2 protein chains.
Amino acid sequence: MMKPSIPQGTRDFGSDVVRKRRYIFDTIRSVFEVCGFQPLETPAMENLETLMGKYGDEGDKLIFKILNNGLDNPTKHDRAQEGLKKVLAGKSSDLLTERALRYDLTIPFARYVAMNHAQLSFPFKRYQMQPVWRADRPQRGRYREFYQCDADIVGSNALINEVDFVHIYHAVFQRLGIPGYELRINSRKILAALAEITGGKEKLTAITIAIDKLDKIGLDKVKLELEERGILPHHIGIIETYLQIDGSNEVKLAQIHQLMQASEIGKKGIEEITYVLDQSASPSSPPNVSIDFTLARGLDYYTGIIFEAKAPQQIKMGSIGGGGRYDDLTGFFGVPNIPGVGISFGVDRIFDVMEELQLFPETIEGGTQVLFFNMGEQESKAAYGYVHALRRAGIATELFHESVKKEKQFKYAEKKGIPVVAIIDGEHMTNRSCSVKNIRTGVERTLPFDLLVSTLTKDLATSPLSSGLKN
Amino acid sequence: MMKPSIPQGTRDFGSDVVRKRRYIFDTIRSVFEVCGFQPLETPAMENLETLMGKYGDEGDKLIFKILNNGLDNPTKHDRAQEGLKKVLAGKSSDLLTERALRYDLTIPFARYVAMNHAQLSFPFKRYQMQPVWRADRPQRGRYREFYQCDADIVGSNALINEVDFVHIYHAVFQRLGIPGYELRINSRKILAALAEITGGKEKLTAITIAIDKLDKIGLDKVKLELEERGILPHHIGIIETYLQIDGSNEVKLAQIHQLMQASEIGKKGIEEITYVLDQSASPSSPPNVSIDFTLARGLDYYTGIIFEAKAPQQIKMGSIGGGGRYDDLTGFFGVPNIPGVGISFGVDRIFDVMEELQLFPETIEGGTQVLFFNMGEQESKAAYGYVHALRRAGIATELFHESVKKEKQFKYAEKKGIPVVAIIDGEHMTNRSCSVKNIRTGVERTLPFDLLVSTLTKDLATSPLSSGLKN
């Protein structure tokens, strides 16, 4: 007999975790919705050709491909054989596989916009919260199935969109009660300017890759890598000066201005960062935005402002969100000139941060609130009427499934963390009353049938236990 | 340049459909929760061996298998070659694929219970609402990716659980406002008794398969099929009598009693149906349950009461839900003797029924409620403060992304169905006022800055447009 297990890098979520994750999703969704974003859902499977070639060579290797159906069918031998030959020759084969699992939400969104652009009204603001799959080596905090929560605005070059995203990050982290988060901001234009003044445009990728590693490997190793990538010593000096820019946002802007005054694209980048900072300043609730010129966001397709949200410093967690502006979302799919800007929330990491800081409100606990004991067939029938009435009033209620010793029924309530037990036995039937015990407080009372529902509804509706269950 | 498309049998869901589907999910979830069920989520991928052999030969063929990763890697040639040989030899190969996509929610649930039974408290009541994937030939109303919504109670033989499920069906359809749904009920024990008296136990499968086709092929062809399957003519006569049982529930019970009085298992089945009908009778809100002895529920693993929920008769749709009792959920996974009962809602079909009968409430429309026009940089900055304030009050609000002609901004509001536009231009800045127009009613007014947020919040909160967005 097989011992059951689940694939490496995947997870089951029990009720407690589902409820907490739902709280995060609901919070993010409510902010997206109130800011005018519309939901979109795309299929888990995409055509292989939609995904391949979009994530770089490394990304392509991590795409989960789905075996074509009917492969095991003997009449399909030839097809399968042909498919395998192609695979063995190192070519991806549409005979063995022509579908794959979603690797992120951006490419499916681009595919959707390209397919539907004639019907959409631009700027098009969509959000999407769905799982993605990556065949990455599983490790602590890295899963093969995980959710992404994205919001994008496409069809607009206006920087007001970036400002909106600063506020969205702020609103989400504020509503989740995550203190001390930090939103870092930079511009790819400034990185482009840095490349211009340290060896030319063609060095942009090399410089970006090296800078992106700063957090992990430190300045000395970044310098070494720049040297290996053919950057000249005095250019490395400029990059070092750049990476060491520090201080308040104002001080940083002054320093970068000095470094980049000769570069048109550099000045443009500085102007954009200044605009976003100015516009998002709010006297009542200032978002915690700081310029970080070392922010590079890997090799993504970003071309303008880039963001990274960092977890509170006391937690070694790093990025809990990120995003940026891109010039051409749908060019891959034959629809050019749709620029946009988008952000993403890292729900798994946000979950870990909130667990570690114990930020989940008790009110999302959920679960059954009242258990009626089963004291026999007649008694159960009487109790069942009150079970229904309480459920209609939004109170999660159960009737124990069998008439057994009270101890056993009590134990069930305790194990499930049900706070209130209600007993209607033969004597209660005669008196038309019910014995009600609050397990947490130990308080026990007898309530007449007439007042049972109204009393319990009032008690439980005003306790923190009930919210989230009503409705 | 490739023309983008999505795989056959899959769908993109735009905002309108996402919101309507979410309304159905939320309604079902609220009923599950209030009845004491706990949420569970399992991974999209399961180990292939968890799924294979659980759905019959036909089912096995419809499982989407995931190609092992690293197959395209040249160093893995030998492994791949070995894998293909096995595939070509007609053997499933764990070298080519060892993971597959979830085919239903029951087997992953069984796998979960088997893995965690020592930690769970029984009876264990879980619900699960996730997509499943089947390589079925796509056709109208049949998709390769679709959601299932299941609730199960395991670890209890008590019929009170079946009664609870009757009420759950009733509560869900009542909350969704689906009039004229019908819940049909039968027992596999009665079908077993029918086999006993018409040729013996070993005919149960043949008889079940034939009866299951009654709706599609009609009585004459069912009789023909029974004949082909070796049922004797006088036994076919009994089956015909059985299938023609008609009338009220009471009349049907009397007739079946007459037919099955010699069968112990038959009497047990009748007793159970009688109990469930009696216990679920409610004077205030009687669930619409009718006995249907022709109900068979295919070749599933059911052993007791079976359910099928039918769409309102005026809609040719058939089953919108089903379920039943099983004896041994986790035996496959080495943990015997966990009986249970479960039901499922067919969300795609419920969606179609509700669309056809126009049952979705207008309040779930969602979308942006107020658009502030962009009248220049200073004006926008002033407007943006009110955008924030309205958002904090739960009103979905946008600021147009660029300062262009009013006509263009107005058109955006119209296309997106935004009911209220707000304009703050230079003159308004001086007067500290804002012009507010309701596009639907045509009413236009000027509101002082001080009253803008409170007035709009009050107006929109009391209109049906707002609910679902406040949170």
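1. Points about the packing of helix α1 (residues 15-34) of chain A against helix α13 (residues 347-356) of chain A
All names here are of chain A.
- Two elements in contact, α1 and α13, have axes whose closest approach is 10 Å; the angle formed by their N-to-C orientations is 115 degrees. With respect to each other, α1 and α13 are oriented roughly perpendicular. Of the two possible hands of crossing, α1 and α13 adopt the one that is right-handed. Between α1 and α13, the contacting residues are Val17, Lys20, Arg21, Tyr23, Ile24, Phe25 and Ile28 on the first element and Val347, Asp348, Ile350, Phe351, Met354 and Glu355 on the second.
- Looking at the contact of α1 with α13, its residues break down into nine nonpolar, no polar and four charged.

2. Concerning the nonpolar core
- A:Ile168, A:Tyr242, A:Phe345 and B:Phe372 are the most contacted members of the largest nonpolar core, which has 95 residues in total.
- When residues in this core are grouped by element, the largest group, nine residues, is from helix α6 (residues 160-176) of chain A.
- Not counting the four nearest positions on each side in its chain, B:Phe372 is found in contact with B:Ala383, B:Tyr386, B:Val387, B:Leu390, B:Thr397, B:Glu398, B:Leu399, B:Phe400, B:Ala422, B:Ile424, B:Cys434 and B:Leu452.
- By size, the runner-up hydrophobic cluster in this structure holds 93 residues, among which are B:Ile291, B:Ile315, B:Ile320 and B:Val341.

3. Comments concerning the sheet that holds strand β15 (residues 433-438) of chain B
Residue and element names in this part refer to chain B.
- One open sheet accounts for five strands, arranged β13-β12-β14-β15-β16; its pairing is mixed. Each edge of the open sheet carries a strand with a single partner, namely β13 (397-399) and β16 (444-448). Along the sheet, successive strands turn relative to each other by an average axial angle of 25 degrees, direction set aside.
- Contacts between helix α14 (residues 377-392) and the sheet are confined to β12 (370-372) and β13, with β13 contributing the most and set at about 165 degrees to the helix.

4. A short note on the sheet that holds strand β5 (residues 124-133) of chain B
Residues and elements named next belong to chain B.
- In spatial order, the strands read β1-β5-β6-β11-β10-β9-β7-β8; together these eight strands make up an open sheet with mixed pairing. Across the chains shown, the open sheet's two edge strands, defined by having one partner strand only, are β1 (38-39) and β8 (289-291).
- Where strand β6 (residues 145-154) lies against strand β11 (residues 340-345), six bridges are found, and the strand directions are antiparallel. The partner of Cys149 across the bridge, within β11, is Phe345.
- Running over the sheet, helix α7 (residues 188-197) touches β7 (182-187) and β9 (302-310) and is turned about 45 degrees from β7.

5. Re the confidence of the model for chain A
All names here are of chain A.
- In the predicted model, chain A carries a mean pLDDT of 90, and 91% of its residues have values of at least 70.
- Taken element by element, chain A is modelled with least confidence in helix α4 (residues 77-88), mean pLDDT 56, and with most confidence in strand β5 (residues 124-133), mean pLDDT 98.
- Low pLDDT, under 50, characterises residues 464-471; the stretch is placed with 19 contacts to residues that sit more than four places away or in other chains.

6. So, α1(A)
All names here are of chain A.
- Across its 20 residues, α1 extends 28 Å between first and last C-alpha, which sits within 8% of the 28 Å expected from 1.5 Å per residue.
- Taken across its 20 residues, α1 has 15 buried, putting it largely inside the fold.
- Among the residues trailing α1, Gly36 stands out with phi positive, at a value near 90 degrees.

7. Things to note about the interface of chain A and chain B
- In this assembly, 104 residues from chain A lie in contact with 102 residues from chain B.
- Between chain A and chain B, the buried area comes to about 9300 Å², and carbon and sulfur atoms account for 57% of it.
- At the surface where chain A touches chain B, the tally comes to 10 salt bridges.
- One salt bridge connects B:Glu33 with A:Arg19, and the closest N-O pair in it is separated by 2.7 Å.
- Linking chain A to chain B there are 34 residue pairs in polar contact (both at pLDDT 80 or more).
- In terms of residue class, the side of chain A that touches chain B is built from 48 nonpolar, 29 polar and 27 charged.

8. Description of the packing of aromatic side chains
Residues and elements named next belong to chain B.
- One pass over the structure, following the stated rule, counts 42 aromatic pairs over all chains.
- Relative to Tyr326, the ring of Tyr301 lies with its centre 5.9 Å away and its plane at 80 degrees, an arrangement referred to as edge-to-face. Placement of the pair is Tyr301 in the loop between β8 and β9 and Tyr326 in strand β10 (residues 319-326), with a sequence separation of 25 residues.
- Exposure remark for Tyr301: the relative accessible area of 38% places this residue in the partly exposed category.
- Between Phe400 and Tyr412, the ring centres sit 5.2 Å apart and the planes meet at 70 degrees, which makes this aromatic pair edge-to-face. In this pair, Phe400 sits in the loop between β13 and α15 (406-416) while Tyr412 sits in helix α15, placing the two residues 12 residues apart along the sequence.
- For Tyr412, a relative accessible area of 5% puts it in the buried group.

9. Examining the packing of α6(A) against α14(B)
- Where α6(A) contacts α14(B), the axes come no closer than 13 Å and their chain directions differ by 30 degrees. On the basis of the axis angle, α6(A) is roughly parallel to α14(B). In the packing of α6(A) onto α14(B), the handedness of the crossing is right-handed. Contacts between α6(A) and α14(B) pair A:Ile160, A:Val163, A:Asp164, A:His167 and A:Arg175 from the former with B:Tyr384, B:His388 and B:Arg391 from the latter.

10. Points about the side chain of B:Lys252
All names here are of chain B.
- With respect to the helices and strands, Lys252 occurs in helix α11 (residues 249-260).
- Despite its burial, Lys252 pairs with no opposite charge; the closest candidate is Asp246, at 4.7 Å N-O.
- For Lys252, the residues in contact, after removing those within four places along its chain, are Ile245, Asp246, Gly247, Ile291 and Phe293.

11. A short note on the pairing of strand β16 (residues 444-448) of chain A
All names here are of chain A.
- Relative to β16, strand β15 (residues 433-438) is paired through five bridges, and the arrangement is antiparallel. Bridge pairing links Ser435 to Thr446 in β16.
- Here β15 folds back onto β16 in antiparallel fashion, the turn holding five residues, of which Gly442 has a positive phi close to 80 degrees.

12. Considerations on the pairing of β6(B)
Residue and element names in this part refer to chain B.
- In terms of burial, β6 is largely enclosed, as nine of its 10 residues are buried.
- For β5 and β6, the ladder comprises 10 bridges, and the chain directions are antiparallel. Note that in β6 the partner of Tyr127 across the bridge is Ala151.

13. Points about the relation of the copies chain A and chain B
- Rotating chain A by 180 degrees and moving it 0.0 Å along the rotation axis overlays it on chain B with an RMSD of 0.0 Å. A rotation of that kind, with that shift, is consistent with a two-fold axis. Residues of chain A ranked by C-alpha distance from the rotation axis are headed by A:Ile66, positioned 2.2 Å from it.

The rules behind these values
Residues numbered from 1 in each chain as written. Chains lettered and ligands numbered in written order. Predicted model: local features only at pLDDT ≥ 70, side-chain atom pairs only at ≥ 80, totals over all residues. Heavy atoms only, no water. Axes fitted to C-alpha atoms, helices over the stretch in contact; angles between N-to-C directions. Helix = DSSP H or I, 4+ residues; strand = E, 2+ residues; numbered from the N terminus. Parallel < 35°, antiparallel > 145°, perpendicular 65-115°, else oblique. Left-handed = near helix turned anticlockwise from the far one by under 90°. Contact = heavy atoms within 4.5 Å. Nonpolar A, V, L, I, M, F, W, Y, C, P; charged D, E, K, R; others polar. Core = buried A, V, L, I, M, F, W, Y, C linked by side-chain atoms within 4.5 Å. Buried < 20%, exposed > 50% of the residue type's maximum accessible area, 1.4 Å probe, protein only. Pairing = 2+ DSSP bridges. pLDDT = per-residue confidence, 0-100. Expected span 1.5 Å × (residues − 1). Buried area = accessible area lost by both parts, 1.4 Å probe. Salt bridge = Lys/Arg side-chain N within 4 Å of Asp/Glu carboxyl O. Polar contact = N/O pair within 3.5 Å; in protein donor to acceptor, adjacent residues only side chain to side chain. Phe/Tyr/Trp six-rings, centres within 6.5 Å; stacked < 30°, edge-to-face > 60°. Lys, Arg positive; Asp, Glu negative; His and termini not counted. Least-squares fit on C-alpha atoms with pLDDT ≥ 70 in both.

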